[in-house]
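# Structure assessment
One letter stands for each residue in the lines below.
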2 protein chains.
Amino acid sequence: MTSRSWWGWGSDEAALTAAEVDTVVGRVAALMPDHDFTDHPPPSPDDLDVPRPRVQPPDVLAELISDEVADRLSHARGKAFRDVVRNLEGDVTHVPDLVARPTTEQDIVDILDWCATADIACIPYGGGSSVVGGVEPRFDGPAITLDLEHLNRVLEIDDVSRAARIQAGTLGPHLEDQLRPSGLTLRHFPQSFEFSTLGGWLATRAGGHFATLYTHIDDLTESIRAVTPAGISESRRLPGSGAGPSPDRLFLGSEGTLGVITEAWMRLQERPRHGITVTLGFNDYPSAVQATRMVAQAGLYPSNCRLLDPAEAFLNAGAESPGGVLILAFESADHPVRAWIDRAVEIAVEQGGRVLSRRDREGQGNEGDSSTAWRSSFIRMPYQRDALARRSMIVETFETACTWDGFDALHRAVTAAATDAVQRVCGTGVVTCRFTHVYPDGPAPYYSIYAPGRWGSTLAQWDEIKSAVSEALSANGGTITHHHAVGRDHRPWYDRQRPDPFAAALEAAKEALDPARILNPGVLIQTR
Amino acid sequence: MTSRSWWGWGSDEAALTAAEVDTVVGRVAALMPDHDFTDHPPPSPDDLDVPRPRVQPPDVLAELISDEVADRLSHARGKAFRDVVRNLEGDVTHVPDLVARPTTEQDIVDILDWCATADIACIPYGGGSSVVGGVEPRFDGPAITLDLEHLNRVLEIDDVSRAARIQAGTLGPHLEDQLRPSGLTLRHFPQSFEFSTLGGWLATRAGGHFATLYTHIDDLTESIRAVTPAGISESRRLPGSGAGPSPDRLFLGSEGTLGVITEAWMRLQERPRHGITVTLGFNDYPSAVQATRMVAQAGLYPSNCRLLDPAEAFLNAGAESPGGVLILAFESADHPVRAWIDRAVEIAVEQGGRVLSRRDREGQGNEGDSSTAWRSSFIRMPYQRDALARRSMIVETFETACTWDGFDALHRAVTAAATDAVQRVCGTGVVTCRFTHVYPDGPAPYYSIYAPGRWGSTLAQWDEIKSAVSEALSANGGTITHHHAVGRDHRPWYDRQRPDPFAAALEAAKEALDPARILNPGVLIQTR
């Protein structure tokens, strides 16, 4: 067992070693030599003045519910930069009064009943990796966090249809561990994989690590079961249906506001045995974008099709390429993928790409699993962010999606807004972009910001930058979130983005399913 | 200009010739020699006692609205067997009082306003090809059919993102005609293609002709614009988004109950240049099903993967194969598809398939377009159905989808229920099955029934058969419809299939968007 960090990403044991911190800080210090890299370690939870719980559970629920300070603190917010900074600053506003850990669906029914009767807000909680304020009781009145960690089993595997019935509180690694004996995988690897759950993925419409096709949790979902205050909702296991608007699509993205997802039948795949990865460099970014678009539109469906802009390529892949680097990969459990990658590379080369590397893992079994490569490169990034946040750096990401015809204008506007804001707020900084996902009709650009902040002000500084870039991407037709969800932080832009009649329909659905309005108040929908 | 049949499928001009009728009737008569094939031609509309309109339009809307008997009759119902039979019998209950043909979105706003004020039901109408009672005013009180035929233009084409903004009333062929100069295609070819519209496809979650991947209209939709009584809803053009539950997914499948879809940005593809089709025969049906499943799970994504059972193969493809026939095809605008089809055929052969034919159209341009092959084989089927319906034959289809692990039991139960019902009701008959679509986790089986009815009773006979098969597929985990929609005919099974909390949410959304409850009463949702 590892112990989860109460203030930052992941587990205390897996945090960066002193030597790793030195490396990261040294690399950033080379770019920003004037910055004050003084370390501000997290306060001890014992030293914080956490308010006492305003409510006590009824006796029949008492054994499911904790009022321990450390428990409440560790559930008080997600893992965004602004969450980490507030923890480091000892800001303990909006701590849940209690943390409930149901062991059965009936426990959830009982807890929701009590919350409705006693007018207590209830925040469904998976791994707590929200980066949009999705699990924070940022409202008045008492709140209970409903942590689903005990609902963590794969209940059934159907290896004919390749699907499994899985409880919502199952964390990524534990989920894959339970599937492994069957030879099947959910193949859903968001960056938060280690510390996020199936239920969280479903509630937030999570995007996986793969660039095209079956990577969004939406498309991997066969049916959903959820406890709502108005009763249990369970859709039929179906590969496809045209029977009215999809019930599952109402819960996908509902972010805990309409019900508590308890389990789902999820579509699985065989573990890949074949895989080839090719990286290409470009002399100019527009050609790289064009190549990426043409690959995305060719009907080839690469598992990876990730365009790193020059700064991103340098910072995260150590590659110097004036037009950026395109990573292309195919994988298959069924067949060698040479014909696929060869055509994709041909397209990219026709647009000016130069092959930098090619890694061939055809027929080499699970070593070809892209998740392996992914883990080594991505999984420790949030730990680096935390180490830098302690040293007054502003390190955060934001993401969107837009159509290809609008990308140039959006990218210019967002980059300009980010650069302006960073300079105004911090004096200097770096803005990078990569495509995390590509569709035939557009990319999902993902931006990272590195800027030297002032200790005590980094939260306000980031909020100013975030607001500026959100305005820019919203004004240029992007979505306020492609796979980070809405939560509380994205509300102003989400409210503008969604059509008013849809907002009215969602509000009405909320009223029908959660008439006491106890579920995750302030997320997606007005509190009352 | 061709004239639409008021009583049956399509246009009068395209109906079967006398010689074609003789061929069809002869073929069926060989199977059912005792049947009375007396022709019962449709009555003349002039001889029908159509009730007078119960409402008159206000002067400002008068020029958009027709009260002509022929107009009202031709909009009275869809094109199911039970619609055609009732027309042939001169049954003119439930004829709309008026037919409105708006020319602008503002016209639609005005008509809805009038309907809400005057308490008149309004039925949005595309091509009128519903086979589930979706456009029939089967309720008390006055009704207006809102025919969108004048909203029939492709308004914008974005050939970078490969998408187009298209008005909802555009019929399939006219839509493709307008796209053709751009080299792009929507590639959505339901069997109703000639006589159905984009808006109808969106409202009913239509399935295209292609077997896998991008064939459902849901997945081809970038954004939707709709007039609701509560205001205009327009989603943002996005290739993907994680911002709350998808607004578009609320309108997809709403069947005219929440608003009138007026236009949509749709994802397009380049026209295919490469294509290979292979047919394989099997000695036993379970092996053929297994082969189909393995191809569907191989990550190859064939454009066609259609398994015909032995009876279906014989009746519709003239092929004698004891285990049925599997049609596999790949197509691409970008690359030769040999590697793809070779692997798919290899899988099928490993399961006992024998290659019966192979047609290679690699690099031969639009001739390789699967729609061409499709048209010749499918497009005239409904005309044959009508010719047989006039001769007291019961000829109708029903369809579902289920997971692979449940297919055997579902297929046995449905086939038994259909065979029993046909024998009970008609004494004899034929039941066939094909897969129209396949998913990694399950097939979409499509059943056809051919049975000798008694003139004057074929409607009741079909209803009894339909009820029996619907019970069987519903009890065995299938959806009551995979791509024919719910309408009024599927309501009993749909109501059981959908989760109760979802029904409550949908009801609440209806109340929010259509408080006067004028839109398509009785479809999906209780009338009041």
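The shown structure was predicted, so the numbers you read here are calculated from the model rather than taken from an experiment.

## Brief notes about the nonpolar core
- Formed by 252 residues in total, the largest nonpolar core has its most connected members in A:Leu186, A:Leu198, A:Ile465, B:Leu186 and B:Leu198.
- Not counting the four nearest positions on each side in its chain, A:Leu198 is found in contact with A:Ile166, A:Gln167, A:Ala168, A:Thr170, A:Leu175, A:Leu186, A:Ile217, A:Ala264 and A:Met266.

## Considerations on the packing of aromatic side chains
- Here the structure, examined in full by the defined rule, presents 18 aromatic pairs over all chains.
- With 5.5 Å between their ring centres and 85° between their planes, B:Trp9 and B:Phe195 make a pair best called edge-to-face. Taken as a pair, B:Trp9 in the segment before α1 (18-31) and B:Phe195 in the loop between β7 (184-185) and α6 (198-204) lie far apart in primary sequence, 186 residues in all. For the pair B:Trp9 and B:Phe195, one class covers both residues: buried.
- Taken together, the ring pairs connect A:Phe189, A:Phe193, A:Trp201 and A:Phe210 into an aromatic cluster.
- A cation over an aromatic ring shows up here: A:Arg237 above the ring of A:Trp265, its NZ or CZ 3.7 Å from the ring centre.

## A look at the interface of chain B and chain A
- Facing the 80 residues of chain B at the interface are 81 residues of chain A.
- With both sides pooled, the region where chain B packs onto chain A buries about 6400 Å², and carbon together with sulfur makes up 59% of that total.
- Of the charged contacts in the structure, one is a salt bridge between A:Arg267 and B:Asp441, with a shortest N-O distance of 2.7 Å.
- On inspection of chain B and its partner chain A, the count reaches 30 residue pairs in polar contact (both at pLDDT 80 or more).

## Some details on the confidence of the model for chain A
Residues and elements named next belong to chain A.
- This prediction gives chain A a mean pLDDT of 94; 97% of its residues lie at or above 70.
- Considering only residues more than four positions removed or in separate chains, one finds that residues 366-371, a stretch of pLDDT under 50, has 14 contacts.
- Interface confidence for the predicted complex, given as ipTM, is 0.96, next to a pTM of 0.97.

## Thoughts on the pattern of salt bridges
- Counted according to the given criterion, the structure contains 82 salt bridges over all chains.
- The closest approach of N and O atoms between A:Arg180 and A:Asp177, which form a salt bridge, is 2.8 Å.
- Residue classification places A:Asp177 among the partly exposed positions, given a relative accessible area of 43%.
- Among the salt bridges present, the one from B:Asp405 reaches A:Arg237, with a minimum N-O distance of 3.7 Å. Highlighted residues: B:Asp405 in helix α13 (residues 404-426) and A:Arg237 in the loop between β9 (231-234) and α7 (247-251), drawn from two different chains.
- In this structure B:Asp405 comes out as partly exposed when scored by relative accessible area, which is 38%.
- Accessibility expressed as a relative area gives 15% for A:Arg237, which makes it buried.
- A cluster of three or more residues bridged by salt bridges with shared partners is formed by A:Asp83, A:Arg86, A:Glu136, A:Arg138 and A:Asp489.

## Some details on helix α5 (residues 172-179) of chain A
All names here are of chain A.
- Taken together, the buried positions of α5 are occupied by Gly172, Leu175, Glu176 and Leu179. One face of α5 carries all of its buried residues, which in axial projection span an arc of 95°.
- Summarising the contacts, the buried residues of α5 are in contact with β5 (154-158), β6 (163-167), β7 (184-185) and α6 (198-204).

## Some remarks on the environment of A:Leu473
- When you line up the elements, A:Leu473 lands in helix α14 (residues 458-475).
- Leaving out residues up to four positions away in the same chain, A:Leu473 has contacts with A:Phe398, A:Glu399, A:Thr400, A:Leu410, A:Val414, A:Gly478, A:Thr479, A:Ile480 and B:Arg236.

## Digging into the sheet that holds strand β3 (residues 121-125) of chain A
All names here are of chain A.
- Taken together, the four strands give an open sheet; going across it, the order is β1-β2-β4-β3, and neighbouring strands pair in mixed fashion. In this open sheet, the two strands that pair with only one neighbour each are β1 (65-66) and β3.
- Pairing analysis gives three bridges linking strand β2 (residues 98-100) to strand β4 (residues 143-147), with the strands arranged parallel. For Val99, the partnering residue across the bridge sits in β4 and is Thr145.
- Most of the contacts of helix α4 (residues 105-118) go to β4, to which it runs at about 170°, and overall it touches β1, β2, β3 and β4.

## Considering the relation of the copies chain B and chain A
- Superposing chain B onto chain A takes a rotation of 180° combined with a translation of 0.0 Å along the rotation axis, leaving an RMSD of 0.0 Å. The two molecules are tied by a two-fold rotation axis, judged by turn and shift. Scanning chain B for the C-alpha nearest the rotation axis identifies B:Ala508, at a separation of 2.6 Å.
- Interface overlap between copies is the fraction of interface residues in one copy that are interface residues in the other; for chain B against chain A it reaches 100%, indicating a shared surface.

## Comments concerning the side chain of A:Glu255
Residues and elements named next belong to chain A.
- Along the polypeptide, Glu255 turns up in the loop between α7 and β10 (260-267).
- No salt bridge forms around the buried Glu255; measuring N to O, its nearest opposite-charge neighbour Arg488 is 7.5 Å away.
- Among the polar contacts made by the side chain of Glu255, one reaches the main-chain amide nitrogen of Val486 at a distance of 2.8 Å.

## A word on the sheet that holds strand β6 (residues 163-167) of chain B
All names here are of chain B.
- Strands sit in the order β5-β6-β10-β8-β9 across an open sheet of five strands; the sheet is antiparallel. The open sheet has two edge strands with one neighbour each: β5 (154-158) and β9 (231-234). The sheet shows a mean angle of 10° between the axes of neighbouring strands, taken without regard to direction.
- Note: β5 against β6, four bridges, orientation antiparallel. Bridge pairing in β6 links Val154 to Ile166.

## Here we look at the packing of helix α8 (residues 285-296) of chain B against helix α10 (residues 338-350) of chain B
Residue and element names in this part refer to chain B.
- The geometry of α8 relative to α10 is characterised by a closest axis approach of 8 Å and an angle of 150° between their N-to-C directions. Relative to α10, α8 is oriented roughly antiparallel. The two elements α8 and α10 meet at a crossing, and its hand is right-handed. The residues of α10 that touch α8, namely those facing Ala291, Met294 and Val295, are Ala344, Ile347 and Ala348.
- Residues that form the contact of α8 with α10 fall into these classes: six nonpolar, no polar and no charged.

## Some points on helix α4 (residues 105-118) of chain B
Residues and elements named next belong to chain B.
- End to end, α4 covers 20 Å across 14 residues, agreeing with the expected 20 Å (1.5 Å per residue, within 8%).
- Where α4 is concerned, the buried positions are Glu105, Asp107, Ile108, Ile111, Leu112, Trp114 and Cys115.
- Capping of α4 at its N-terminal end is provided by Thr104; its side-chain oxygen lies 3.3 Å from the backbone amide nitrogen of Gln106.
- Among the residues trailing α4, Asp119 stands out with phi positive, at a value near 60°.

## A look at the side chain of A:Arg267
All names here are of chain A.
- Relative to the elements of secondary structure, Arg267 occurs in strand β10.
- By relative accessible area, which is 18% here, Arg267 ends up buried.
- At 3.0 Å, the side chain of Arg267 forms a polar contact with the backbone oxygen of Asp219.
- A polar atom in the side chain of Arg267 sits 3.1 Å from the backbone oxygen of Leu238.

Reading guide: rules and limits
- Residues numbered from 1 in each chain as written.
- Chains lettered and ligands numbered in written order.
- Predicted model: local features only at pLDDT ≥ 70, side-chain atom pairs only at ≥ 80, totals over all residues.
- Heavy atoms only, no water.
- Core = buried A, V, L, I, M, F, W, Y, C linked by side-chain atoms within 4.5 Å.
- Buried < 20%, exposed > 50% of the residue type's maximum accessible area, 1.4 Å probe, protein only.
- Contact = heavy atoms within 4.5 Å.
- Phe/Tyr/Trp six-rings, centres within 6.5 Å; stacked < 30°, edge-to-face > 60°.
- Helix = DSSP H or I, 4+ residues; strand = E, 2+ residues; numbered from the N terminus.
- Lys NZ or Arg CZ within 6 Å of the ring centre and 35° of its normal.
- Buried area = accessible area lost by both parts, 1.4 Å probe.
- Salt bridge = Lys/Arg side-chain N within 4 Å of Asp/Glu carboxyl O.
- Polar contact = N/O pair within 3.5 Å; in protein donor to acceptor, adjacent residues only side chain to side chain.
- pLDDT = per-residue confidence, 0-100.
- Arc of directions from axis to C-beta.
- Pairing = 2+ DSSP bridges.
- Axes fitted to C-alpha atoms, helices over the stretch in contact; angles between N-to-C directions.
- Least-squares fit on C-alpha atoms with pLDDT ≥ 70 in both.
- Lys, Arg positive; Asp, Glu negative; His and termini not counted.
- Parallel < 35°, antiparallel > 145°, perpendicular 65-115°, else oblique.
- Left-handed = near helix turned anticlockwise from the far one by under 90°.
- Nonpolar A, V, L, I, M, F, W, Y, C, P; charged D, E, K, R; others polar.
- Expected span 1.5 Å × (residues − 1).

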